[in-house]
Amino acid sequence: MIAEICSLGICDVVKLLCMQKTRLEYKITASILAFIMVVILPTTNIFAVDTLPTEEYVTQWEARKTIPVDTNSIGGWPKGPENGAESAILMEVDTGAVLYAKNMNEPLYPASTTKLMTALLVVENCQMDEVVTFSDEAIDNTEWGSSRIGIMKGEQLTVEQCLYGLLLGSANEVAYGLAEHVAGDLESFVGMMNAKAEELGCTNTHFVNASGLPDPEHYVSALDLAKIAREFFSNETLCMISGTARYVIPSTNKTDEERPQENHHKMIQGGKYAYDGIVGGKTGFTTDARQTLVTCAQRDGMKLVCVVMKDESPYQFTDTKDLLDYGFASFQKINVSDNETRYNIRSANFFNTKLDIMGSSKDILSLNKTGCIVIPKGMDFEEPTVTVN
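Reference entry: report on the structure contained in this document. Starting afresh in each chain, residues are numbered from 1 along the sequence in its written order. For a predicted model such as this one, the threshold for reporting local features is a pLDDT of at least 70, and the threshold for listing and counting side-chain atom pairs is 80 or more; totals across whole chains, interfaces and linings nevertheless cover every residue. With hydrogens and water set aside, each side-chain value is computed from the structure's full complement of heavy atoms.

### Re the environment of D322
For the record, the criterion: Secondary structure elements are taken from DSSP: a helix is a run of H or I of four residues or more, a strand is a run of E of two residues or more, and numbering for both begins at the N terminus. Here's how the labels work: a residue is buried when its accessible area is under 20% of the maximum for its type, exposed when over 50%, partly exposed in between, all with a 1.4 Å probe on protein chains only.
The topology assignment puts D322 in helix α12 (residues 315-330). Taking the relative accessible area as the measure of exposure, D322 reaches 36% and is therefore partly exposed. Taking C-alpha positions, D322 is 7.0 Å from P81, a pair spaced 241 residues apart along the chain.

Here is the structure:
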């Protein structure tokens, strides 16, 4: 009985308790459950987007409003809103342009927003219909009391079902199982995470696990997290999954019961802070990280990623809304080739030559037809500094 209970999440323990047939079994199970609730769970961090701050944390949140917004010091740049996050950034996805920056290079705990990188590596290395079999290690080595959906040893889910459990349910044992499925073991997968971060240009990031469970050596800056999110939200599958409000994982080889997964991100359509144009996002919370939120929204052809780190509930949502509103109201994305006139690009002869350059008679200079820049609304296209390379 004890071994069976220890292999389950707390919700599954409650279900098991209700199924006991004899008074003796009931007493034994109840005693074990009480031990877990009273002795084990209080020693772990709580994971919830609704965790309200104590008076001490509210004081710290208020103090963080005085941290300077770096982009507000740029001449002619639209003034961005203040917020109680330790670090925040607003980035345009297609160009990578930073529209708002507050302490964006400070390494902080990412909590479950780590799972954006985990999911990114999964879709890059797996097919959605591949079957993931959860090992003993994936279940036993995932911290009890952390965010779980009750996966059992030897249970099998498809990669697609796992991604919903990872991004909606924020399941830590699913993160571990996916890491093993992709790389063979957690350590090798973490190596892939750090290599991918470096590839994306992250300079203040280091991962030690696939879930975001607290560790002094597990950190990321808001700028780096935005770079990871930019890549994440460039993938249609990940956009669809992270923007789904509810998904049901069907019965498996280990249980006949379905597992409904609710998106913890309250800006998703139907949520308390539903946002027009929402694409998707990921929540994160631990006692040390506080509230961390990554959100993507799109309007009028401009896709923005917002990251707030070390915020407090429910302000991670309202601060994000304010930043997204600021971005959409203050900036515009413009196609360069449709507007550039300073180099007389309408004259084909300007970019064309009959002279052989390194054995080629092709155009020596051309503008990318899809290239865009993001500038403040009201700014003339001629104003930004131009470099031709």
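Now that the structure is up, let's keep going.
### Focus on the packing of helix α5 (residues 115-125) against helix α9 (residues 186-199)
Using the following cut-off: Axis definition: a line fitted to C-alpha atoms, limited for helices to the stretch in contact. Angles are taken between N-to-C directions and run from 0 to 180 degrees. Should an angle fall under 35 degrees it is called roughly parallel, over 145 degrees roughly antiparallel, and 65 to 115 degrees roughly perpendicular, with every other angle called oblique. In this analysis, two residues are considered to be in contact whenever any of their non-hydrogen atoms come within 4.5 Å of each other. Throughout this entry, Asp, Glu, Lys and Arg are counted as charged residues, while Ala, Val, Leu, Ile, Met, Phe, Trp, Tyr, Cys and Pro are counted as nonpolar. The remaining residues, Gly among them, count as polar.
Taken N-terminus to C-terminus, the directions of α5 and α9 make an angle of 95 degrees; their axes are 10 Å apart at the nearest point. One finds that α5 runs roughly perpendicular with respect to α9. For the pair α5 and α9, contact is made by M117, T118, L120, L121, E124 and N125 and by F189, M192, M193, K196 and A197, respectively. Taken together, the residues of the contact of α5 with α9 sort by class into seven nonpolar, two polar and two charged.

### Focus on the pattern of salt bridges
Applicable threshold: One side-chain nitrogen of Lys or Arg within 4 Å of one carboxyl oxygen of Asp or Glu is enough to make a salt bridge.
For the structure on display, the rule yields 12 salt bridges. A salt bridge links K333 to E92, with the shortest nitrogen-to-oxygen separation between them at 3.8 Å. Taken together, the residues K333 in strand β10 (residues 331-335) and E92 in strand β1 (residues 87-92) connect sequence positions 241 residues apart. One connected set of salt bridges, linked through shared partners, spans R64, R290 and E312.

### Quick look at the pairing of strand β9 (residues 302-311)
Keep this limit in mind: Strands qualify as paired when DSSP identifies two bridges or more between them.
A large share of β9 lies buried, amounting to nine of its 10 residues. The pairing of β1 with β9 spans six bridges and is classified as antiparallel. Considered in β9, the bridge of E92 is made with L304. Pairing geometry for strand β8 (residues 290-299) and β9, over eight bridges, is antiparallel. Counted as the bridge partner of A297 is L304 from β9.

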